[in-house]
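# Chains, contacts and geometry: an overview
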Amino acid sequence: MAPRVPNFIADFFVYETAKSVVVKSWSVGIINRVVQLLIILYFIGWVFMHEKGHQQQDTGIESAVMTKVKGLGKLNNHVMDVADYVVPSQGGSSFSIITSMVVTANQTQGRCPETDPKFNCTTDDDCMKKLGSNLGNGIITGTCLNSTNDTKWWCEIEGWCPAEDDNISQEPMNAVENFTIFIKNSIRFPLFNVTRGNFPSSLNASYIQSCHYDPVDNPFCPVFKVGDILRHINQSFDNITDKGGEIGININWKCNLDYNVEYCNPSYFFTRLDAAFENSNASKGYNFRFAKYYQSEDGTEHRMLHKAKAIRFEIIVSGNAGKFKTVPFLINLVAALTSVGLATVFCDIILLNFDKGADEYKAKKFEEVSAVVSESANNRLYEGSQMSNKALEKSSNDSGTFSIGRQETHSPSNQ
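These figures come from a predicted structure and were not determined experimentally. Each chain carries its own residue numbering, running from 1 in the written order of its sequence. Local features in this predicted model are restricted to residues whose pLDDT is 70 or higher, and side-chain atom pairs enter the listing and the counts only when it is 80 or higher, whereas totals over whole chains, interfaces and linings include all residues. Side-chain figures throughout are based on the complete set of non-hydrogen atoms in the structure, without hydrogens or water.

### Quick word on the overall build of the chain
The helix and strand labels rest on DSSP assignments: H or I over at least four residues marks a helix, E over at least two residues marks a strand, and numbering proceeds from the N terminus. Scanning the chain for helices and strands turns up 11 helices and 17 strands. The contact criterion used is simple: two residues touch if any of their non-hydrogen atoms lie within 4.5 Å. Long-range pairs, those at least 24 residues apart, make up 69% of the contacts in the chain between residues at least 6 apart in sequence. What sets the accessible areas is the Shrake-Rupley method with a 1.4 Å probe; for residues, cover comes only from the shown protein chains. Carbon and sulfur atoms make up 54% of the accessible area of the chain, which totals about 26,900 Å².

This is the structure:
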């Protein structure tokens, strides 16, 4: 056991140095260069093309949106302006344009027949089973009534009367296709303290009043025609007004601040946000209700109920800004250069394990040299080296380089 301890210590305190072995093999040489080339191309492409490899990124975009809709249309024999068909009227990033509407006028609190087909009845017992239900236009009382409008019998409700009948078909306001949406979007990248607007300040009022956005001809125009937006998402006006729908206007800011900040401009994309429910039987399209209240001279409260089908618009702002940073670039560049050494590791695996000359390669690549050399061995080495010195100088440019793959010649004195 004792002799092993010095051997362990001796094996631990060793020094390893690189040794150059030139292997003249077409197959391994081609593999080595191909692998090196692939690694270089991959990392150069990653460093120079992938922005995160050399840019400081700012994704914390701050944004404000103001919208304004313009246009006149006719619905239910009434001329409709912006105050009638835009809800809400604040001009924010989310708003709706009403395309059709069912109006139930002069409602007051009382009791009346329900109009929802779920509450048809023939006897009071039918309505008693639904007693207290609040899933219709009012609370079921349990009484079955004959409607004054037809021969059907309906459960009686307590609530706003007469009850709404939303099965009435209404013609949509076709002029909506020509309505325009003005979008004013300002953003800021706090990391770089860069502030931008979605149209340049050089645009004059007359241009904005007459232009319509086009990605090729008018990319900086902030006025969007509803019909153009529908065409961008391959939707017909009749299709979306039948049940209503939701459309997203995406404003994307992707800015490379290595260039002049004037090149930091938005791109616009349009999507049908409710496309996932296009074939849904339970909930399709978009509609909402609102009421206008008033009071008669005798103090009775009245209201006018509106059920509106509408196109809901959502303005979605996203983006990021980047700027060149030296440190990430150098780190990635050094990683690319050092990774070229992977080709050597791969070729060594082939030579040491699969090549037919693996034993010769091992013998040349790995050599153990003792620090203690006997005097006689030194003398023999010295005498032999004097005779072969000139031959060695002619056969090698590097004293630490061995060549495999050609027949070596030796003088008789070296044998």
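### Focus on the pattern of salt bridges
Here a salt bridge means any side-chain nitrogen of Lys or Arg lying within 4 Å of a carboxyl oxygen belonging to Asp or Glu. Counted under the stated rule, the structure contains 12 salt bridges. Taking the shortest distance from any N to any O, the salt bridge between arginine 111 and glutamate 158 comes out at 4.0 Å. Note that arginine 111 is positioned in strand 7 (residues 94-113) and glutamate 158 in strand 9 (residues 153-161), a separation of 47 residues in sequence. The rule is simple: take the accessible area with a 1.4 Å probe, protein chains only, and divide by the maximum for that residue type; under 20% is buried, over 50% is exposed, in between is partly exposed. On the basis of relative accessibility, which here comes to 54%, the residue arginine 111 falls in the exposed class. In this structure, aspartate 116 and lysine 118 form a salt bridge, with 2.7 Å as the shortest nitrogen-oxygen distance. Linked by salt bridges that have partners in common, Glu164, Asp166, Arg289 and Lys307 make up one network.

### Side note on the environment of phenylalanine 189
Mapping phenylalanine 189 onto the fold places it in strand 10 (residues 180-189). For phenylalanine 189, a relative accessible area of 0% corresponds to the buried category. Put simply, phenylalanine 189 and asparagine 320 are 131 residues apart on the chain and 7.8 Å apart in space, counted from C-alpha to C-alpha. Beyond its immediate stretch of four places on either side in the chain, phenylalanine 189 contacts Asp58, Ile61, Val194, Trp253, Cys255, Cys264, Gly319, Asn320 and Ala321.

### A few points about the nonpolar core
What is meant by a nonpolar core is a set of buried Ala, Val, Leu, Ile, Met, Phe, Trp, Tyr and Cys residues, joined one to another through side-chain atoms within 4.5 Å. Tyr85, Ile97 and Phe313 are the most contacted members of the largest nonpolar core, which has 43 residues in total. Breaking this core down by element, the ones donating at least two residues are strand 7, strand 10, helix 6 (226-232), helix 7 (237-243), strand 13 (245-256), strand 14 (266-272) and strand 16 (301-324). Per element, the largest residue contribution to this core is 6 residues, and it comes from strand 16. Other than its neighbours up to four places away in sequence, phenylalanine 313 contacts Ser93, Ser94, Phe95, Ile97, Ile181, Val226, Ile229, Ile247 and Ile249. Within the second largest apolar cluster, 10 residues are counted, among which are Cys112, Phe119, Cys127 and Cys155.

### A short note on the state of the cysteines
The criterion for a disulfide is a pair of cysteine sulfur atoms lying within 2.5 Å. Taken as a whole, this structure holds 5 disulfides when the rule is applied. Disulfide pairing places cysteine 121 opposite cysteine 144 at an S-S distance of 2.0 Å. Its S-S torsion of approximately 95° makes the covalent link between cysteine 121 and cysteine 144 right-handed. One end of the pair, cysteine 121, is in the loop between strand 7 and helix 4 (124-128); the other, cysteine 144, is in strand 8 (residues 138-146), and 23 residues separate them in sequence. Accessibility assignment for this pair places cysteine 121 and cysteine 144 in one class, buried. A sulfur-sulfur separation of 2.1 Å characterises the disulfide bridge that pairs cysteine 127 with cysteine 155. Disulfide cysteine 127-cysteine 155: torsion about the S-S bond near -100°, hence left-handed. With cysteine 127 in helix 4 and cysteine 155 in strand 9, this pair connects stretches of sequence that are 28 residues apart.

### Topic: the side chain of glutamine 235
Residue placement: glutamine 235 occurs in the loop between helix 6 and helix 7. By relative accessible area, glutamine 235 is classed as buried at 16%. Whenever two N or O atoms come within 3.5 Å, that pair is a polar contact, provided that in protein one can donate a hydrogen and the other can accept it, and provided that, for residues adjacent in sequence, both atoms are side-chain atoms. Within the local environment of glutamine 235, its side chain forms a polar contact with the side chain of asparagine 239, the two groups lying 2.7 Å apart.

### Brief notes about empty space enclosed by the protein
In the cavity and pocket records, a cavity denotes points on a 1 Å grid over the protein atoms alone where a 1.4 Å probe fits but cannot get out, a pocket denotes an open set with protein on both sides within 12 Å along at least 5 of 7 lines, and lining residues are residues with an atom within 4 Å of a point. Grid points are joined across faces, edges and corners, and a volume is the space filled by probe spheres set on the points. Overall, the coordinates contain 1 cavity of 30 Å³ or more when judged by the stated rule. Counted as a void, the largest cavity has a volume near 40 Å³. Along its surface, the largest cavity is lined by His212, Tyr213, Val223, Phe224, Lys225, Asp228, Ile229, His232 and Phe270. For the lining of the largest cavity, the secondary structure elements donating two or more residues are strand 12 (223-225) and helix 6.

### Describing the confidence of the model for the chain
Looking at the chain, pLDDT values average 80 and 77% of them are 70 or higher. Every residue in residues 384-401 scores below 50 in pLDDT, and together they form 9 contacts with partners more than four places removed in sequence or on other chains. The predictor rates its confidence in each residue with pLDDT, a number between 0 and 100. Low confidence marks residues 406-415, where pLDDT is under 50. Its contacts with residues over four positions away, or in another chain, come to 8 contacts.

### Observations regarding unusual backbone geometry
Note that the residue after valine 87, namely proline 88, is joined by a cis bond; omega there is -10°. Mapped onto the elements, proline 88 comes out in the loop between strand 6 (86-87) and strand 7. With an omega of 0°, the peptide bond running from cysteine 161 to proline 162 counts as cis. Along the polypeptide, proline 162 turns up in the loop between strand 9 and strand 10. Positive phi, normally seen in glycine, also occurs at asparagine 106, with a value near 55°. Relative accessible area serves as the criterion here: at 42%, asparagine 106 is assigned to the partly exposed category. Even without glycine at this site, asparagine 234 takes up a positive phi of about 55°. For asparagine 234, the position within the fold is in the loop between helix 6 and helix 7.

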